[in-house]
There are 2 protein chains.
Amino acid sequence: MNACSRTIVARMDSPVALIPQLAAHIVAAGGKRLRPLLTLAAARMCGYAGGERHVRLAACVEFIHTATLLHDDVVDESRLRRGMASANAVFDNKAPVLVGDFMFTRAFQLMIEDGSLHVLRILCDAAATIAEGEVLQLVTQHDLTTTEERYLDVVRGKTAALFSAAAQVGAVVAGRPVTEEDALASYGHNLGIAFQLVDDALDYAADEAVLGKSVGDDFREGKITLPVLIAYQKGNGDERRFWRRTLEEGEHNEQDLAHAMQLLVQHAAIDETLSRAASFVHEAQLALGVFPPSALRQALADVASYTIKRVH
Amino acid sequence: MNACSRTIVARMDSPVALIPQLAAHIVAAGGKRLRPLLTLAAARMCGYAGGERHVRLAACVEFIHTATLLHDDVVDESRLRRGMASANAVFDNKAPVLVGDFMFTRAFQLMIEDGSLHVLRILCDAAATIAEGEVLQLVTQHDLTTTEERYLDVVRGKTAALFSAAAQVGAVVAGRPVTEEDALASYGHNLGIAFQLVDDALDYAADEAVLGKSVGDDFREGKITLPVLIAYQKGNGDERRFWRRTLEEGEHNEQDLAHAMQLLVQHAAIDETLSRAASFVHEAQLALGVFPPSALRQALADVASYTIKRVH
């Protein structure tokens, strides 16, 4: 992970000073670096020992993730990211759009240096799926007729695709057979869905200081997430009117977030979301079954368990 | 060009309907398709006859260009693009950021299908240079101490890099030696600079209906372009105060654009910009000298001449 961080810092450099400056702002904020960790751990579990490819590709995964964060924050008009002012709050909207593009191209330059068309295909397809998922999220915003299946499509795109690709690449650099690539892709995919479900629950349940971003962001932005869909479906007429006013029409008053949180508790919507997340974690762990037991397999299984534990 | 247009339409499809919808908005508006034309003409001039690679890569060049246009318009808050309402004016800022990302990944998917790491490197490096140029443009905005050299750095990045890569790729698909690759890269590079210089002149000199975008956009946005740098350098104290008020401090009144245009005429700043453009066109045409005379070499030379003729 240290080598990966060094690669990230070295490769975000540019003669245009604003680029490393803005990149440093988001990279310094840290974040969990969960996605590059998947690449590194998967490569090691698969017995990769041929050099530094996994480090470079892990950095590349984090670059793609960072680029999407920069663009997301512009789209969502977020003010907080990783517990600090988001890049768009500090630099306005312009620089984050362009620096996001730059980081995206840096990710591809790293992959091209790596030289594997197979890796390029996996990560590029993931990037395309992320963009589709983000657009789909925009389309479902403010729309309470969104089905759970469509909500899951958003999650598969915006989150699961990169988790899946990050893990799969570990098998590729180690030259493992396609069954193992698929197993790691499935592990990452299910882990990514679980991760996003927990994130969506935390938006209504967490402590801002712990979460590192504003609680209630999804609510204010009218994002349709699973906790809300559950509460809406179980709600009576008054409650449904409340959700429509706040999420569809975007009319908010000061007590609304507290009331929304209370409705979610009342209908056990947070618990139900977390229990769905737990079943995706279980799927992720099952997918690891094709690999022989090892300390690294255990570590990957533990990462999945940790995803749902961060709630408490 | 028809095959290239068909590829563009086919490959901007997605199950997420807003993507082809927004893409169609900008692609339907047309534009000159100058960059893909360079790839196609260069490939043919180099004797490429091996299939459809040049068509796919030309589409890919246009995808990269379209992605940057979508992001530019968000950054510039432009209301007009190619004579029609710009995507951000119709769809707000959110969708164009994300659909730009999608088009960008589509471009890379097309290159990965093509399978040449050399082509990937050329176009990815161009994309990185574009992003750097755009960020540099942001940094020089509102800054009349910008030197001409720095202005040219912006132009090399935001415009010349893709022209250069588009032309170079033609030699690569045809399997031509590196001297011919370099010659086409140099042709595209110089042509791109000339093109941008003319564009910057037109922003103060053109008819809105002919230009297809608002006249005076650069002025209102405080963009520092060569016509302005020339007039500022030649200006007296009053004039310099005028430029500082309008471009640096962004204070505008209704007569300012007309006054700016008058100052540019008075100091022959438009003519001087166009004469610089003409010398870059000349450089571009000289670079074609390594190729034997042919109808396609003449066509490429004519494209360069046309660049400066579109003013009148």
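Provided above is the structure to which this section pertains.
In this text the structure is predicted, and so the values were computed from the model without any measurement.

Let us look at the pattern of salt bridges. Side chains that differ in charge, positive against negative, can pair when their charged atoms come close. Residues and elements named next belong to chain B. Taken as a whole, this structure holds 30 salt bridges over all chains when the rule is applied. With a shortest N-O distance of 2.6 Å, D114 and R53 are connected by a salt bridge. Note that D114 is positioned in helix 6 (residues 94-114) and R53 in helix 4 (residues 53-76), a separation of 61 residues in sequence. Between D238 and R241 there is a salt bridge; the shortest N-O distance is 2.9 Å. Of the two residues, D238 and R241 are both situated in helix 13 (residues 237-248); the distance of three residues between them amounts to about one turn of the helix. The class for D238 is exposed, based on a relative accessible area of 56%.

When two helices pack together, their arrangement is captured by the angle between the axes and the distance separating the axes. Residues and elements named next belong to chain A. Between helix 3 (residues 34-45) and helix 8 (residues 148-173), the least distance of the axes is 7 Å, while the angle of their chain directions is 25°. Here helix 3 lies roughly parallel to helix 8, going by the angle between them. The two elements helix 3 and helix 8 meet at a crossing, and its hand is right-handed. In this structure, helix 3 contributes L34, R35, L38, T39, A42 and A43 to the contact, and helix 8 contributes L162, F163, A166, A167, V169, G170 and V173. Residues that form the contact of helix 3 with helix 8 fall into these classes: ten nonpolar, two polar and one charged.

Before going further, it helps to examine the interface of chain A and chain B. The interface is formed by 36 residues belonging to chain A together with 36 residues belonging to chain B. Taking both partners together, chain A and chain B bury about 3400 Å²; carbon and sulfur atoms supply 79% of that area. Together, K94, L98 and I112 of chain A form the three largest contributors to the area buried by chain A at its contact with chain B, with a combined 18%. In this assembly, chain A and chain B are joined by zero salt bridges. The tally of links between chain A and chain B comes to six residue pairs in polar contact (both at pLDDT 80 or more). For the side of chain A that touches chain B, the elements supplying multiple residues, two or more each, are helix 2 (18-28), helix 4 (53-76), helix 6 (94-114) and helix 7 (117-140) of chain A. The greatest single-element share of the side of chain A that touches chain B, amounting to 14 residues, is contributed by helix 7 of chain A. Across the side of chain A that touches chain B, the residue classes break down as 24 nonpolar, five polar and seven charged.

Turning next to the relation of the copies chain A and chain B. You can overlay chain A on chain B at an RMSD of 0.0 Å; the transform is a turn of 180° with a shift of 0.0 Å along its axis. Between the two chains, the operation in question is that of a two-fold axis. The share of interface residues of chain A whose copies in chain B are also at the interface is 100%, consistent with both copies meeting through the same surface.

So, how was this worked out
Residues numbered from 1 in each chain as written. Chains lettered and ligands numbered in written order. Predicted model: local features only at pLDDT ≥ 70, side-chain atom pairs only at ≥ 80, totals over all residues. Heavy atoms only, no water. Salt bridge = Lys/Arg side-chain N within 4 Å of Asp/Glu carboxyl O. Helix = DSSP H or I, 4+ residues; strand = E, 2+ residues; numbered from the N terminus. Buried < 20%, exposed > 50% of the residue type's maximum accessible area, 1.4 Å probe, protein only. Axes fitted to C-alpha atoms, helices over the stretch in contact; angles between N-to-C directions. Parallel < 35°, antiparallel > 145°, perpendicular 65-115°, else oblique. Left-handed = near helix turned anticlockwise from the far one by under 90°. Contact = heavy atoms within 4.5 Å. Nonpolar A, V, L, I, M, F, W, Y, C, P; charged D, E, K, R; others polar. Buried area = accessible area lost by both parts, 1.4 Å probe. Polar contact = N/O pair within 3.5 Å; in protein donor to acceptor, adjacent residues only side chain to side chain. Least-squares fit on C-alpha atoms with pLDDT ≥ 70 in both.

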